[in-house]
Amino acid sequence: MKKLFSILVCFLLVVTTVFLPVSAQAAENEQIIISQTVEFISEDCYFVETIYVPSTQTYSNTKTGTKVAECISSGTSIFTISVTGTFTYNGTSAQATSASGSISALVSGVTLNSRRAYTSGASACAFGSVNYNGVTLQKTVTLTCDKNGNLS
């Protein structure tokens, strides 16, 4: 009986050790939506902008977030442009320390013209330009952090 109990305890220790880090890593990669807005370009074209933050962030003076803008034209999702920024803040001021951007085509026929990401003060920005059906669509996505670590 002691041998069976020892084997069971060893098995549980191995299983917990093997699967716990994966669960913790998965929790780190989960994103939470903190805001969503709509910006109309014309009657049938608009951008849905969504801000995501990791479900777990350390309590420090740094914050990371992602803002994604999805272009929808005539009811069809055309492309997304996103910026991910890292910020420092101290209750008095905030500063963007890094920015990275990406563009994803969601339908065929979208061609990339240009893309760039940059920081400006307390903002992380990404600019993108694409062609779709002979029309040039451009968007700058800006993620800003305030002095208290709130993203907008």
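Above this text is the structure in question.
Bear in mind the structure is a predicted one, so any value in this text is a computation, not a measurement. (Residues numbered from 1 in each chain as written. Predicted model: local features only at pLDDT ≥ 70, side-chain atom pairs only at ≥ 80, totals over all residues. Heavy atoms only, no water.)

Caption draft 1: Local environment of the sheet that holds strand E1 (residues 31-42). Pairing is antiparallel in the open sheet, where five strands are placed in the order E1-E2-E3-E4-E5. Each end of this open sheet is capped by a strand with a single partner; those strands are E1 and strand E5 (94-105). When strand polarity is set aside, the average angle formed by the axes of neighbouring strands in this sheet is 20°. Pairing analysis gives eight bridges linking strand E2 (residues 45-54) to strand E3 (residues 62-73), with the strands arranged antiparallel. (Pairing = 2+ DSSP bridges. Helix = DSSP H or I, 4+ residues; strand = E, 2+ residues; numbered from the N terminus. Axes fitted to C-alpha atoms, helices over the stretch in contact; angles between N-to-C directions.)

Caption draft 2: The packing of aromatic side chains, seen in detail. A complete count under the given rule lists two aromatic pairs for this structure. Residues phenylalanine 40 and tyrosine 46 carry aromatic rings whose centres are separated by 5.4 Å and whose planes lie at 45° to one another, so their mutual orientation is tilted. Given a relative accessible area of 59%, phenylalanine 40 falls into the exposed group. For tyrosine 46, a relative accessible area of 24% gives the class partly exposed. Ring centres of phenylalanine 47 and phenylalanine 79 lie 6.0 Å apart, and the angle between their planes is 80°; this geometry places the pair in the edge-to-face category. You can see phenylalanine 47 sitting in strand E2 and its partner phenylalanine 79 sitting in strand E4 (residues 76-89), a full 32 residues away along the chain. Comparing phenylalanine 47 with phenylalanine 79 shows no difference in burial state: the two are buried. (Phe/Tyr/Trp six-rings, centres within 6.5 Å; stacked < 30°, edge-to-face > 60°. Buried < 20%, exposed > 50% of the residue type's maximum accessible area, 1.4 Å probe, protein only.)

Caption draft 3: Just the sheet that holds strand E7 (residues 123-132), in detail. Pairing in this open sheet of three strands is antiparallel, and the strands run E6-E7-E8 from one edge to the other. Two strands close off the open sheet at either side, each with one partner strand: strand E6 (110-120) and strand E8 (135-144). Direction aside, the axes of adjacent strands within the sheet are offset by 10° on average. Here E6 runs beside E7; their pairing, made up of ten bridges, is antiparallel. Across the sheet, residue valine 110 finds its bridge partner in E7, namely tyrosine 132.

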